[in-house]
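# Descriptive structure summary
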Amino acid sequence: MKTLADINFKDKKAVIRVDFNVPLDENFAVVDATRIEAAKPTIDKILKDGGSVILMSHLGRPKGKEEKYSLKHIVAKTSEILGVKVKFVEDCIGAEVEKAAANLQPGEVLLLENLRFYKEEEAGDEGFAKKLAGLGDVYVNDAFGTAHRAHASTTIIANYFPENKVFGELLAKEIKSLDKVLKNSEKPVTAVLGGSKVSSKITVIENILDKVDHLIIGGGMTFTFIKALGGKIGDSICEDDKQELALEILAKAKEKNVQIHLPVDVIAADGFKNDANTKVVAVNEIPDGWQGLDAGPKSLENFKTVILESKTILWNGPLGVFEMENFANGTIELGNFIAEATEKGAFSLVGGGDSVSAVKQFGLEPKMSYVSTGGGAMLEMLEGKTLPGIAAILD
Ligand code: AMP
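Residues numbered from 1 in each chain as written. Predicted model: local features only at pLDDT ≥ 70, side-chain atom pairs only at ≥ 80, totals over all residues. Heavy atoms only, no water.

The name an unreviewed UniProt entry gives the protein is Phosphoglycerate kinase, with Flavobacterium cerinum as the organism. Turning to the protein, the UniProt annotation filed under Subcellular location (unreviewed entry) states: "Cytoplasm". Regarding the protein, the UniProt comment filed under Catalytic activity (unreviewed entry) reads as follows: "(2R)-3-phosphoglycerate + ATP = (2R)-3-phospho-glyceroyl phosphate + ADP". (UniProt positions renumbered as here; feature names shortened; annotations may be inferred.)

### Section: the side chain of S70
If you trace the backbone, S70 turns up in the loop between β2 (52-56) and α2 (75-82). On the basis of relative accessible area, S70 is assigned to the buried category, the value being 3%. There is a polar contact of 2.8 Å between the side chain of S70 and the side chain of E113. Apart from the residues lying within four places of it in its own chain, the contact partners of S70 are L59, F88, E113 and F117. (Helix = DSSP H or I, 4+ residues; strand = E, 2+ residues; numbered from the N terminus. Buried < 20%, exposed > 50% of the residue type's maximum accessible area, 1.4 Å probe, protein only. Polar contact = N/O pair within 3.5 Å; in protein donor to acceptor, adjacent residues only side chain to side chain. Contact = heavy atoms within 4.5 Å.)

### Looking at the UniProt feature "binding site: ATP" (unreviewed entry) in the protein
According to UniProt, the positions carrying the feature "binding site: ATP" (unreviewed entry) are K201, G292, E323, G352, G353, D354 and S355. Spanning 155 residues, the annotated positions stay apart in the fold, the maximum distance between their C-alpha atoms being 23.1 Å. Within the secondary structure, E323 sits in the loop between β15 (312-316) and α11 (329-343). When you line up the elements, S355 lands in helix α12 (residues 354-361).

### A word on the packing of helix α1 (residues 34-49) against α2
Following both chains from N to C, one finds α1 and α2 inclined at 50 degrees, their axes separated by 10 Å at the closest point. By the angle between their directions, the pair α1 and α2 is classed as oblique. Classified by chirality, the crossing of α2 by α1 is right-handed. In this structure, α1 contributes I36, E37, K40 and I43 to the contact, and α2 contributes K77, T78, I81 and L82. (Axes fitted to C-alpha atoms, helices over the stretch in contact; angles between N-to-C directions. Parallel < 35°, antiparallel > 145°, perpendicular 65-115°, else oblique. Left-handed = near helix turned anticlockwise from the far one by under 90°.)

### Concerning the site of the ligand
Around the ligand sit 15 residues, and of these S196, K201, G292, E323 and D354 come closest. Here an oxygen atom of the ligand sits 3.1 Å away from a polar atom, N or O, in the side chain of K201. Separating a nitrogen atom of the ligand from a backbone N or O atom of G292 is a distance of 2.9 Å. Within the complex, 82% of the 500 Å² of free accessible area of the ligand lies under protein. Of the residues assigned to the shell around the ligand, the class counts are five nonpolar, seven polar and three charged. (Near = heavy atom within 4 Å. Areas by Shrake-Rupley, 256 points an atom, 1.4 Å probe, with all protein chains shown as cover. Nonpolar A, V, L, I, M, F, W, Y, C, P; charged D, E, K, R; others polar.)

### A look at the sheet that holds strand β6 (residues 165-167)
Spatially, the six strands line up as an open sheet ordered β3-β4-β2-β1-β5-β6, and their pairing is parallel. Strands at the two margins of the open sheet, each flanked by one partner only, are β3 (87-88) and β6. The pairing of strand β5 (residues 138-141) with β6 spans three bridges and is classified as parallel. Residue N141 lies in a different strand from β6, and its bridge partner there is F167. (Pairing = 2+ DSSP bridges.)

What follows is the structure, encoded as structure tokens:
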């Protein structure tokens, strides 16, 4: 795997695909700069070597050129984070951009305008990619969040740098973290899969059954399994057409010697709202008119035992409707167990969507070994897919 460490950037211009798709408020101020901060180590290394940096990113989903999606809104914040006055051009290809890139001196940073102002970006257009490539000497991909898309700036551009393309620090960290869970893992390995639906996680489940010793299933997914096993789930969320699949998963797990842990009790509510009446009931005896919205105390005890015995933990998806305060406990507790295991030396990776928001919301992020920055990209990696943005660098 070729990384930044393999290149001395002295007097070189690095074209870096970053993911600066940050949330802005109504005054176009950056609300959360995590993604800009995440790219800093890569940029710092190149500048420290004596190179210069050309940053390219998308922002939002513009239809053509739309002022509100201009990357000019983030120039000040990026300058502040990098400690360098960032230059900006109001385009990402063309004569003016070429001139700005050519004039760039070692130690300087140039930010290009939103790549998605051109439909050629998402279309993976060769000519567009070639123009972007012409701006620098080395291509660095540090945008994990878009690595699952074969866009011009994430994938096609790499063709123009057969010898000079590398992973940025962030992307390399994402790949290494996942390898630590799925390839070079220390046993026992436990995956916790939660979230609402079996259907959206099925490929992940199938892929990880070969890699884990324990699989904890929680969240709304639970009830498709419980119903398939003959349990009474009341009004809980369920995908009836996935019951057979659920049974197949359980059989496959047995075959592969993977221990599956389902909740044994739940916090049931008499409505899908925070102030609904609640009671703890057995997961397979939920009365009609009630629905399971969080893991119950016995389930959490069981999950705790498994987690604390694990040396490698992957967490994807909440254990309950954590957006509602009264049903967040299971997800928070699970986070605490993983934090405890991590403190005792386990490697923990949280990735792929809602569990990342939960971990951030409950202040657990610093207690995990690694929290992934890319929702969809991480999910696809967990599904065992090779992401085009990663394949293009490895090629
Ligand atoms: P996903 O996007 O598939 O990871 O699912 C995340 C969503 O699942 C969150 O918005 C949770 O509120 C929801 N969820 C978790 N547990 C339950 C449950 N028991 N019933 C309904 N929704 C749930």
